[in-house]
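# Secondary and tertiary structure notes
Here is what each chain is made of, one letter per residue.
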Amino acid sequence: MSSRPGGAGTAGPLLTVDDLHVSFATEDGVVQAVDGVSFELAAGEVLAVVGESGSGKSVMAMTLMGLTRSPNARFEGKAFYKGAELVEASEDELRAVRAAEIAIIFQDPMTSLNPVQRIGKQIIEQIQEHEALPDQQALERAVELLERVGIPRARERVDSYPFEFSGGMRQRVMIALAMSCDPSILIADEPTTALDVTIQAQILERIRELREQTGAAVILVTHDLGVVADIADRIAVMYAGRIVEQGTLDQIFYDPQHPYTWGLLGSIMRVDKPRPQRLPAIAGLPPSLADRPEGCHFRPRCPHEFAECRKVPPLTSRVEGQPDHFDRCWLPVDQKRDKREVLPGVIGLDSKEAAPA
Amino acid sequence: MSVEAAEQRGGPGAFSDGATPLVEVEHLKVFFPIRQGMVLEREVARVHAVNDVTLRIAEGETVGLVGESGCGKTTMSRAIMRLIDATDGTIRFRGQDVTDFGRKRMEPLRREMQMVFQDPFASLNPRKRVGQIIGMPLRLHGSGRTEVEPQVRDLLDKVGLHKEHVNRFPHEFSGGQRQRIGVARALALEPRLIVLDEPVSALDVSVQAQIINLLDDLQDDFKLTYLFVAHDLSVVRHVSDRIAVMYLGKLMELSPAEELYTKPIHPYTSALLSAIPIPDPEENRRRERLVVGGEPPNPINPPDGCVFHPRCPRATEICREVEPPLARYPNGHLAACHHPMSASAEEIKWATKDPSSPLSSGEELPVAAESGGGAKA
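Residues numbered from 1 in each chain as written. Chains lettered and ligands numbered in written order. Predicted model: local features only at pLDDT ≥ 70, side-chain atom pairs only at ≥ 80, totals over all residues.

### Regarding the environment of Glu 26 of chain B
All names here are of chain B. Mapped onto the fold, Glu 26 is located in strand β1 (residues 23-36). For Glu 26, a count of 18 C-beta atoms within 10 Å corresponds to the partly exposed category. The sequence separation of Glu 26 and Arg 127 amounts to 101 residues, and the corresponding C-alpha distance is 40 Å. Beyond its immediate sequence surroundings of up to four residues, Glu 26 is in contact with Thr 54, Gly 89 and Thr 90. (Helix = DSSP H or I, 4+ residues; strand = E, 2+ residues; numbered from the N terminus. Buried ≥ 20, exposed ≤ 12 C-beta atoms within 10 Å, placed from the backbone. Contact = placed C-beta atoms within 7 Å.)

Written out as structure tokens, the structure is:
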């Protein structure tokens with residue numbers, strides 16, 4: 001079960017997550033937020049972690065930064081970054097990694113900056129935490145960073161407070177902050193969800209450019225498959241704490257193996273195709289992480305359930321010729337390819353015969 | 001039930017049959033004053049939230065109202081609901097001018113217009129049981145406790161929840177289920193108009209589809225009229241008959257739903273469409289995208305001329321000086337642009353100034369690029 005699917009990195013992976021479990025003891029019982037997640041991240045690649053709210057994608061990403069530690073949290077498994085273990089690392093060890101090696105951009109640019117501190121100061125503080133730079137040089141770096149993320153008149157704006165910025169501009173400041181110490185990994189947790197589409201396009205463009213310039217790997221946590229198609233190299237689809245499918249961008253979009261992935265892809269509303277009479281929707285709701293069905297977690301919502309589904313399907317490569325494509329579904333591959341193209345209104349992708357008038 | 005009445009109502013779409021639209025908004029302006037000073041509170045500036053917009057909604061129709069945050073779409077919908085006072089212009093509901101109606105006079109009309117809010121976590125009282133929440137509008141409009149109960153169960157059933165859910169509290173439900181409760185509450189009084197303010201943007205994709213399908217079914221069952229406010233053009237498309245695009249308080253384009261996607265006339269609409277990433281990697285690589293820079297300007301001091309000109313790739317001298325009127329193209333497609341896209345030279349020649357154009361707009365209609373002849377109205 002600890003097969004470790006990952007990118008075909010030649011130089012070895014930058015980050016290796018091995019059978020990570022995260023659970024929280026709550027009044028309603030134990031919430032198993034992350035349940036045996038394993039993946040590898042190669043230098044310079046963009047891995048999109050896709051899932052709905054409550055799938056454990058954010059908890060997984062935050063755990064890598066040690067941001068989910070609390071008295072009621074329990075961790076199992078390992079995460080190695082350049083040989084250093086992150087899950088059990090001490091706060092001091094993590095402090096050296098955070099921002100300098102792995103940096104994070106949070107979803108909400110309105111609440112993730114300090115409202116009573118000038119933005120330049122916030123960037124300088126972070127630079128000086130990791131490097132002994134004199135104030136003047138740190139300021140120069142901050143101005144340069146703000147210019148790089150596309151903030152006009154950066155030299156004046158370093159003295160602004162966050163409230164003087166719009167949402168899009170604040171998210172740029174967050175990106176500048178994240179890039180301030182040249183991290184090797186950038187974790188972006190829903191970086192554009194709170195933004196308007198025209199601004200989203202600008203921010204994605206900026207992340208793409210920065211990645212090309214600095215060679216940083218990106219873990220993009222999102223629920224938006226449009227954003228994923230725009231920017232990702234590889235995709236991990238999470239459902240109820242588990243990765244249910246993982247593969248390259250084209251594998252997931254053009255040869256998806258897990259019924260949940262079909263459902264996700266099928267339920268997207270698109271602007272580039274004729275609109276269907278009825279939107280295909282996945283029936284039912286995701287399970288509560290405190291009370292998950294046994295076996296395959298997607299079983300109660302899956303129209304293709306059969307006896308085998310009561311056992312937990314391992315995340316392995318099942319498609320011939322795609323050794324880097326993994327999924328957790330017991331259905332034989334030929335049946336999947338047959339079943340995923342169904343009539344609209346039922347879980348699945350668009351069927352070929354369903355071209356509407 | 002209002003089955004007979006419903007049958008008399010016209011189909012969705014045009015107004016060619018001469019029927020009175022359900023909602024008529026004419027040259028609506030909503031400005032918010034910014035005051036300064038301790039005692040006198042002098043008005044120093046105004047936020048131009050809605051700046052001379054005209055829109056009609058036919059009975060049974062769904063109009064999508066889209067735009068980025070701060071474009072005035074929510075203010076507009078609240079003004080139509082008479083939750084915000086209009087600064088200028090008129091709002092008519094079933095032909096009746098309600099612009100200056102007070103609370104008392106609005107009360108009987110409240111039955112006919114209901115609202116579903118964006119945030120299903122904030123719009124339901126956490127201390128009330130589902131039965132009380134859904135029954136409240138009925139109680140407020142005079143039904144007794146015993147009458148209300150069966151109706152509530154019936155409503156729960158209609159929105160796809162279980163009848164046993166009446167005694168639960170909102171926190172026991174997921175976001176999608178809560179939104180169903182919000183829809184049930186809006187349906188309770190059998191309204192004719194429901195204003196949906198970003199009803200699915202707080203929900204996950206798979207649940208969004210469920211709610212959209214539900215709204216679609218309910219519209220058919222109850223012959224409802226929807227004003228669907230959203231920032232997401234892909235969501236609006238699935239429900240709308242016509243779509244209005246707003247920017248900085250102005251109406252940029254008003255189009256039959258499908259035509260907006262295949263033939264956007266205003267560069268702003270086109271920019272919005274191309275900013276939406278397409279969930280298809282190959283298609284995404286293939287298509288050319290028009291990424292507009294910058295951000296919407298401050299609505300306290302909207303730009304002169306066309307409000308979009310500072311960000312528009314097609315802007316010229318005239319755009320900086322003259323506010324474009326809403327030109328009427330075939331199919332009732334309106335757009336306020338001096339340099340229209342996707343319209344043929346013939347269509348541009350055919351275009352006329354629509355009477356719903358803002359009063360401050362100029363007379364200059366767009367000129368077809370190669371035709372040369374400066375046809376001025």
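### Side note on the sheet that holds strand β9 (residues 234-239) of chain A
Residue and element names in this part refer to chain A. If you trace the eight strands from one edge of the open sheet to the other, you get β6-β7-β8-β3-β9-β10-β12-β11, paired in mixed fashion. A single partner strand is all that each edge strand has here, and the edge strands are β6 (102-105) and β11 (316-317). Both strand β3 (residues 46-50) and β9 contribute to a ladder of four bridges, which runs parallel. Bridge pairing in β9 links Ala 48 to Ile 235. (Pairing = 2+ DSSP bridges.)

### Let's talk about the sheet that holds β1 of chain B
Residues and elements named next belong to chain B. In spatial order, the strands read β2-β1-β4-β5; together these four strands make up an open sheet with antiparallel pairing. Edge positions in the sheet fall to β2 (42-57) and β5 (96-97), since each of these pairs with one other strand and no more. Sitting on the sheet, helix α2 (residues 73-80) is in contact with β1, β2 and β4 (88-93), with an inclination near 115° to β1. (Axes fitted to C-alpha atoms, helices over the stretch in contact; angles between N-to-C directions.)

### Examining helix α3 (residues 119-130) of chain A
For α3 of chain A, built from 12 residues, the straight-helix expectation of 16 Å at 1.5 Å per residue is met to within 8% by its first-to-last C-alpha distance of 18 Å. On its buried face, α3 of chain A is in contact with α4 (135-148) and α6 (167-179) of chain A. (Expected span 1.5 Å × (residues − 1).)

### Side note on the packing of α3 of chain A against α4 of chain A
Residue and element names in this part refer to chain A. Running from N to C, α3 and α4 cross one another at 120°; their axes reach a closest spacing of 9 Å. Classified by the angle their axes make, α3 and α4 are oblique. In this structure, α3 meets α4 at a crossing whose hand is right-handed. Contacts between α3 and α4 involve Gly 120, Ile 123, Ile 124, Ile 127 and Gln 128 from the first element and Ala 138, Leu 139, Arg 141, Ala 142 and Leu 145 from the second. Along the lines of polarity and charge, the residues of the contact of α3 with α4 split into seven nonpolar, two polar and one charged. (Parallel < 35°, antiparallel > 145°, perpendicular 65-115°, else oblique. Left-handed = near helix turned anticlockwise from the far one by under 90°. Nonpolar A, V, L, I, M, F, W, Y, C, P; charged D, E, K, R; others polar.)

### Re the packing of α3 of chain A against α6 of chain A
All names here are of chain A. Running from N to C, α3 and α6 cross one another at 20°; their axes reach a closest spacing of 9 Å. Considering their axes alone, α3 and α6 lie roughly parallel with respect to each other. Taken as a pair, α3 and α6 cross one another with a handedness that is right-handed. Where α3 abuts α6, its residues Ile 119, Gln 122, Ile 123 and Gln 126 lie against Val 173, Ala 176 and Leu 177. Class assignment for the residues of the contact of α3 with α6 results in five nonpolar, two polar and no charged.

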